[in-house]
Amino acid sequence: MPIWVQAGLWGLLGSSALVIGAAIAFLVELPKRLIAGIMAFGCGILISAVAYDLIMDGYDQGGLYPIIGGALAGSAAYTVANWLVTRNGGKHRKRSGKEPDPNTTSNSGLAIAIGSMLDGIPESIVLGVSLLDGNGVSFAVLVAIFLSNLPEGLSSAVGMKKAGRSKTYVLGLWAGIAVLSALAAMLGAALLGDASPWLIAMVNALAAGALLTMIADTMIPEAVEGERGGTGLLVVLGLLVAFAIGQSGA
């Protein structure tokens, strides 16, 4: 099976957590604190994957300068794009509180979709690129993406449900984002197959900068607001679990 097809399937698996989370929101009523706790744990796993699987591996491949340049560029790009999405109704896309009323903010659903793609595309590209070294997909990164997407789908679906969005609308929205994330993973593997280690290191750092900024700007604030005290412990626990997984597979 071609690597780019494998990348698409792995990307679809990672992003499928968005759809699973949204479906759970319509099937059961989960406490907000539990959702926030899952998100905090996912933050820790994602931070570990970014630090060790993207930053350190990228440094080993390309050295310090592509890491610094890529990470700063990724962070700046995410910051600007997130600001634009926030101004147009996507501010609370990861939150289980009520989404802006669709009758007064008609573009809020689109903003949430665009914001979620903004969060998910760097993750998917990383999955695609991780296949290029011939050692298969990075299990630690895959677990990190899945566990960070699950509470995102949950929180956003709960908010949209409270705002009166239909099940068809919400699940269709997340399914579309999952497919686009899979396409991003496919493109990452297809376009960078012959790239130099320096360029791959820079792409990984670009995604790392965007993901770390996303964690700080959107995931941790939601986790702190909902968890009320245990966020730091859960983040550390998630980081240690991901580190242990990475070391056991090393």
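The rules we used
Residues numbered from 1 in each chain as written. Predicted model: local features only at pLDDT ≥ 70, side-chain atom pairs only at ≥ 80, totals over all residues. Heavy atoms only, no water. UniProt positions renumbered as here; feature names shortened; annotations may be inferred. Helix = DSSP H or I, 4+ residues; strand = E, 2+ residues; numbered from the N terminus. Expected span 1.5 Å × (residues − 1). Buried < 20%, exposed > 50% of the residue type's maximum accessible area, 1.4 Å probe, protein only. Core = buried A, V, L, I, M, F, W, Y, C linked by side-chain atoms within 4.5 Å. Contact = heavy atoms within 4.5 Å. pLDDT = per-residue confidence, 0-100. Bend = angle between axes of the 7 residues up to and from the residue.

An unreviewed UniProt entry lists the protein under the name ZIP family metal transporter, with Devosia aurantiaca as the source organism. Its UniProt record, at the heading Sequence similarities (unreviewed entry), says of the protein: "Belongs to the ZIP transporter (TC 2.A.5) family." The record held by UniProt for the protein lists under Subcellular location (unreviewed entry) the comment "Cell membrane".

Our next topic: helix α6 (residues 167-191). Its 25 residues place the ends of α6 36 Å apart at the C-alpha level, agreeing with the 36 Å of an ideal helix rising 1.5 Å per residue. Of the positions making up α6, those classed as buried are Val-170, Leu-173, Trp-174, Ile-177, Ala-178, Ser-181, Ala-182, Ala-184, Ala-185, Gly-188 and Ala-189.

The next thing to look at is the nonpolar core. A general trend in soluble globular proteins is that nonpolar side chains are found buried together. If you look at the biggest cluster of nonpolar residues, it comprises 33 residues, and the most contacted ones within it are Leu-46, Leu-54, Leu-127, Val-141, Met-214 and Met-219. Looking at this core, the elements with two or more residues in it are α2 (32-62), α3 (64-90), α4 (108-130), α5 (139-162), α6, α7 (197-227) and α8 (231-248). In this structure, Val-141 is in contact with Ala-49, Asp-53, Val-126 and Leu-127, ignoring residues within four places of it in sequence.

On to the UniProt feature "transmembrane region" (unreviewed entry) in the protein. Look at the UniProt record and you will see "transmembrane region" (unreviewed entry) annotated at residues 7-28, 34-52, 64-85, 168-192, 198-220 and 232-249. Secondary structure over residues 7-28 splits into 95% helix and 0% strand, and the C-alpha atoms at its two ends are 32 Å apart. As a span, residues 64-85 carries 100% helix and 0% strand, and end to end its C-alpha atoms are 32 Å apart.

With that settled, consider the confidence of the model for the protein. Of the residues in the protein, 85% have a pLDDT of 70 or more, and the chain-wide mean is 80. For the protein, α4 is the element with the lowest average pLDDT, namely 69, and helix α1 (residues 3-27) is the one with the highest, namely 89.

The next subject is α2. For α2, spanning 31 residues, the distance from its first C-alpha to its last is 42 Å, which sits close to the expected 45 Å at 1.5 Å a residue. Along α2, the largest kink reaches about 25° and is centred on Val-50. At the exit of α2 stands Gly-63, carrying a positive phi of roughly 90°.

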